[in-house]
Amino acid sequence: MNKQYKNYLLRFLRCLFSFLSEYVPIRKNRIVCYSFNGEQYSCSPKAISEYLEKNYPEKFEIIWAFRKNTPIEKNKMLNKFTVVPYNSLRFLYYYASAKFIITNIYPYQLLKTKSGQIVIDTWHGGGAYKVAGLDQNKNQNSKQMIKAMEFNSENISLFISSSRMFTKHFIRNGLRFKGKVLKTGLQRNDIFFLSPEEKEKIKQKTFRKIGLEKNTHFCLYAPTWKYDEKYPFVFNAETLSKALEQRFGGKWVIVTRMHHLSKNKINGNVIDASNYPDMQELLLSADFLISDYSSAIWDYSLTHKPCLLYTYDLKNYLDKRSMYIDIKKWGFPLCETFDELINAVITFDEADFVERMKYHYNLMGGYDKGNACKQLAGFILRQI
């Protein structure tokens, strides 16, 4: 089926289901959540649903939707929610009858937001790094792309923002969203503001799941998706581990977390945590992060823990995708070769880096304070 017929079918089904949904009454305490279109139990939808259940037990009916083959870990909290198959008739019914829909991706494409409903988009990244949305291709956007973005913007009721620059560049320009923005920071990042005792519990759980010994340090390598996977890539886990041990002491292990669209190209003594269900738990537990253009660096910057950008494909990447803010102004040390990366680890200045992250937060105009869930919960309660 070509794109034109797919678009016709999408529009037909959207009109049909949206028409039928008007006959389904809205329940003011019903909340539907889905993350990455039903592929994960994660991110800000997870954080806010667990916050609501913990602080307002039995006040809300929370529904989570997952795709058929989505691996869902055993989770006590999920037992308190209603779980339905994503895209199923049950999902359509719950979506049409929910007062609130919370997602970290674009709105569901087969149903329009009807009067009385509130679609809350938390998005799945913070800061303002690589250009996205309609800004990505500028004047090369197709009519279908523009119409798709118009549908997304028109069917989002409330957008969550992590920072002033995110609001300005991505929400207002990239998505052309003109509606209400809630400047809470990301709900998923409240985890970084927990008490030391709560953080330690999460760290112990993470270590058990990925098979690390208690007193081990780990460096997380978490790059974003790349346009060109064939670009020359050098990464030696053993050399990196030795450099980390030389600079910081103790035993170090390399853990990888690849983008779900990318392949793990790293061989050697590493732990592949690409299927770990909660990225925030990995970031909280890691002692060092190596990334590139991923918005994970926004989350991790809140911890002030060491982070380097391994941008071995920088020129190639910039030729295909520009940045909202010059990457050299972000404040993270840039390493375009593996030798530069190793040298940056060995000579890493922690005090200087903390100042860089303070600068980074101010540059972006950050909103994360550790109370994003509380603020969003307050908004939801006011609506009912």
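Just above sits the structure.
In this report, we go over the structure that sits alongside the text. (Residues numbered from 1 in each chain as written. Predicted model: local features only at pLDDT ≥ 70, side-chain atom pairs only at ≥ 80, totals over all residues. Heavy atoms only, no water.)

## As for the pattern of salt bridges
Reasoning step 1: In this structure the tally under the stated criterion is 8 salt bridges.
Reasoning step 2: The partner of Arg247 in a salt bridge is Glu350, with the nearest N and O atoms 3.4 Å apart. Placement of the pair is Arg247 in helix H7 (residues 237–248) and Glu350 in helix H12 (residues 350–364), with a sequence separation of 103 residues.
Reasoning step 3: A relative accessible area of 25% means that Arg247 is categorised as partly exposed.
Reasoning step 4: A salt bridge links Lys315 to Asp319, with the shortest nitrogen-to-oxygen separation between them at 3.5 Å. Of the two residues, Lys315 and Asp319 are both situated in helix H10 (residues 314–320); the distance of 4 residues between them amounts to about one turn of the helix.
Reasoning step 5: Judged by relative accessible area, Asp319 falls into the exposed class, the value being 56%. (Salt bridge = Lys/Arg side-chain N within 4 Å of Asp/Glu carboxyl O. Helix = DSSP H or I, 4+ residues; strand = E, 2+ residues; numbered from the N terminus. Buried < 20%, exposed > 50% of the residue type's maximum accessible area, 1.4 Å probe, protein only.)

## Points about the environment of Leu314
Reasoning step 1: Here Leu314 shows up in helix H10.
Reasoning step 2: Judged by its relative accessible area of 8%, Leu314 is buried.

## Some words on the sheet that holds strand S12 (residues 307–310)
Reasoning step 1: With parallel pairing, the 6 strands of this open sheet are ordered in space as S10-S9-S8-S11-S12-S13. The outermost strands of the open sheet, each flanked by one partner alone, are strand S10 (270–272) and strand S13 (334–335).
Reasoning step 2: With respect to the sheet, helix H11 (residues 338–346) is in contact with strand S11 (288–291), S12 and S13, its orientation differing from that of S12 by roughly 170°. (Pairing = 2+ DSSP bridges. Contact = heavy atoms within 4.5 Å. Axes fitted to C-alpha atoms, helices over the stretch in contact; angles between N-to-C directions.)

## Some words on a nonpolar patch on the surface
Reasoning step 1: A cluster of nonpolar residues, Leu9, Phe12, Leu16, Phe19, Leu20 and Tyr23, forms a patch on the protein surface that exposes about 650 Å² of accessible area.
Reasoning step 2: Looking at the element boundaries, Leu9 is found in helix H1 (residues 3–21). (Patch = residues over 30% accessible without salt bridge, like charges linked within 9 Å, V, L, I, M, F, W, Y side chains within 5 Å. Areas by Shrake-Rupley, 256 points an atom, 1.4 Å probe, with all protein chains shown as cover.)

## Structural notes on the nonpolar core
Reasoning step 1: With 79 residues, the main nonpolar core has Phe159, Phe170, Leu220, Leu240, Phe288 and Trp330 as its most contacted residues.
Reasoning step 2: In contact with Phe159, other than residues within four places in its own chain, are Asp121, Trp123, Phe166, Phe170, Ile171, Leu175, Phe177, Lys180, Val181 and Leu182. (Core = buried A, V, L, I, M, F, W, Y, C linked by side-chain atoms within 4.5 Å.)

## Some thoughts on helix H4 (residues 143–154)
Reasoning step 1: Between its first and last C-alpha atoms H4 spans 16 Å; for 12 residues at 1.5 Å apiece the expected length is 16 Å, and the two agree.
Reasoning step 2: Every buried residue belonging to H4 is among Met149, Phe151, Asn152 and Ser153, and all of these are buried.
Reasoning step 3: The elements touched by buried residues of H4 are H1. (Expected span 1.5 Å × (residues − 1).)

## Comments concerning the packing of aromatic side chains
Reasoning step 1: Across all of its chains, the model carries 39 aromatic pairs by this definition.
Reasoning step 2: Consider the rings of Trp64 and Phe66, whose centres lie 5.6 Å apart with planes at 15°: the pair is stacked.
Reasoning step 3: Since its relative accessible area comes to 0%, Trp64 is described here as buried.
Reasoning step 4: You can call Phe66 buried: its relative accessible area is 4%. (Phe/Tyr/Trp six-rings, centres within 6.5 Å; stacked < 30°, edge-to-face > 60°.)

## Describing unusual backbone geometry
Reasoning step 1: Of note in the backbone geometry, Phe36 takes a positive phi value of approximately 50° without being a glycine.
Reasoning step 2: Summarising the element assignment, Phe36 is placed in the loop between strand S1 (27–34) and helix H2 (43–55).
Reasoning step 3: On the basis of relative accessible area, Phe36 is assigned to the buried category, the value being 18%.
Reasoning step 4: One non-glycine residue, Arg176, lies in the positive phi region at around 60°.
Reasoning step 5: Relative to the helices and strands, Arg176 is located in the loop between helix H5 (164–174) and strand S7 (180–182).
Reasoning step 6: A relative accessible area of 39% means that Arg176 is categorised as partly exposed.

## Quick word on the sheet that holds S7
Reasoning step 1: Pairing is parallel in the open sheet, where 7 strands are placed in the order S3-S2-S1-S4-S5-S6-S7. With one partner strand each, in any of the chains shown, strand S3 (82–85) and S7 form the two edges of the open sheet. Each strand axis lies, on average, 25° off the axis of its neighbour in the sheet, ignoring direction.
Reasoning step 2: Sheet topology places strand S4 (residues 98–103) next to strand S5 (residues 118–121); 4 bridges connect them, and they run parallel. If you follow Phe100 over to S5, its bridge partner there is Ile118.
Reasoning step 3: Relative to the sheet, H5 contacts strand S6 (158–160) and S7, its axis offset from that of S6 by approximately 135°.

## Focus: the packing of H7 against H11
When two helices pack together, you describe them by how their axes are tilted relative to each other and by the distance separating the axes.
Reasoning step 1: Viewed as axis vectors pointing N to C, H7 and H11 meet at an angle of 20°, and their least axial separation amounts to 8 Å. Overall, the two elements H7 and H11 adopt an arrangement that is roughly parallel. Note on packing geometry: the crossing formed by H7 with H11 is right-handed. Only Phe338, Ile342, Val345 and Ile346 of H11 make contact with H7, whose side of the interface consists of Thr239, Leu240, Ala243, Leu244, Gln246, Arg247 and Phe248.
Reasoning step 2: The class makeup of the residues in the contact of H7 with H11 is 8 nonpolar, 2 polar and 1 charged. (Parallel < 35°, antiparallel > 145°, perpendicular 65-115°, else oblique. Left-handed = near helix turned anticlockwise from the far one by under 90°. Nonpolar A, V, L, I, M, F, W, Y, C, P; charged D, E, K, R; others polar.)

## What about the pairing of strand S9 (residues 252–256)?
Reasoning step 1: Burial within S9 is extensive, with 5 of its 5 residues counted as buried.
Reasoning step 2: The two faces of S9 match: Trp252, Ile254 and Thr256 on one face and Val253 and Val255 on the other face are all buried.
Reasoning step 3: Where strand S8 (residues 217–221) and S9 come together, 5 bridges link them in parallel fashion. Residue pairing in the sheet places Leu220 in a bridge with Val255 of S9.
Reasoning step 4: As paired elements, S9 and S10 share 3 bridges and run parallel to each other. Paired with Thr256 across the bridge in S10 is Asp272.

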